[in-house]
Amino acid sequence: LRPSRVLQMPRIPYRFPAKGEDEVADRIRERRGPARGLTSLDGTLLNAPMVADGWNTFIGTLRQRNSLPDDIREILVSTIPSTLEIMLSGCTDP
C-alpha cells in the first residue's frame, strides 16, 4: 500500500504588508474584518498579488455577495480544500 499524500503549503516566506502599503492586502483585511486580520494563507498568497486578489474576490463573493441559502453556500465552501488537494496532488512529488 502506498502511504497517503499530505498536502503541504510550499516553503515560501509569508508577506504581511503593513496597513496602507499594499492595496490587495488592505482589501483582504477589509473582507476579513479588523478582529481577524491577515492569515497565513493570505501571507502565502500575497507573494502573487494577482492570485491573492482573485482568491479574495472569489471567497468574498461566495461568502458575502450571493443569493445561495446558507446551507448550500457552506457545502460549497467546505469542498474547496478537497478540490484544491485533488488539483494539486499531481503537481509535486512527496
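The rules we used
Residues numbered from 1 in each chain as written. Predicted model: local features only at pLDDT ≥ 70, side-chain atom pairs only at ≥ 80, totals over all residues. Heavy atoms only, no water. Salt bridge = Lys/Arg side-chain N within 4 Å of Asp/Glu carboxyl O. Buried < 20%, exposed > 50% of the residue type's maximum accessible area, 1.4 Å probe, protein only. Helix = DSSP H or I, 4+ residues; strand = E, 2+ residues; numbered from the N terminus. Expected span 1.5 Å × (residues − 1). Arc of directions from axis to C-beta. Core = buried A, V, L, I, M, F, W, Y, C linked by side-chain atoms within 4.5 Å. Contact = heavy atoms within 4.5 Å.

A word on the pattern of salt bridges. Using the criterion set out here, one finds 8 salt bridges in the structure. A salt bridge links arginine 15 to aspartate 22; its shortest N-O distance comes to 3.4 Å. We classify aspartate 22 as buried; its relative accessible area is 13%. Measuring nitrogen to oxygen at the nearest pair gives 2.7 Å for the salt bridge that ties arginine 32 to aspartate 42. Remark: aspartate 42 occurs in helix H2 (residues 40-45) and arginine 32 occurs in helix H1 (residues 23-32); sequence separation between them is 10 residues. A single salt-bridge network, built from bridges that share partners, covers Arg63, Asp70, Arg73 and Glu74.

Take helix H3 (residues 49-64) next. When the terminal C-alpha atoms of H3 are compared, their 22 Å separation across 16 residues agrees well with the 22 Å that a helix rising 1.5 Å per residue should span. Looking only at H3, the buried set comprises Ala52, Asn56, Ile59, Gly60 and Leu62. For H3, the arc enclosing every buried residue in end-on projection is 165°, short of the 170-degree limit, so these residues lie on one face.

Here we take up the nonpolar core. In a soluble, globular protein the nonpolar side chains are often hidden away together inside. Core analysis: the biggest nonpolar cluster contains 7 residues, these being Val24, Ala25, Ile28, Leu38, Leu45, Leu46 and Ala52. Element by element, the count of residues in this core is highest for H1, at 3 residues. Residues contacting alanine 25, with those up to four places away along its chain left out, are Pro17, Leu38 and Leu46.

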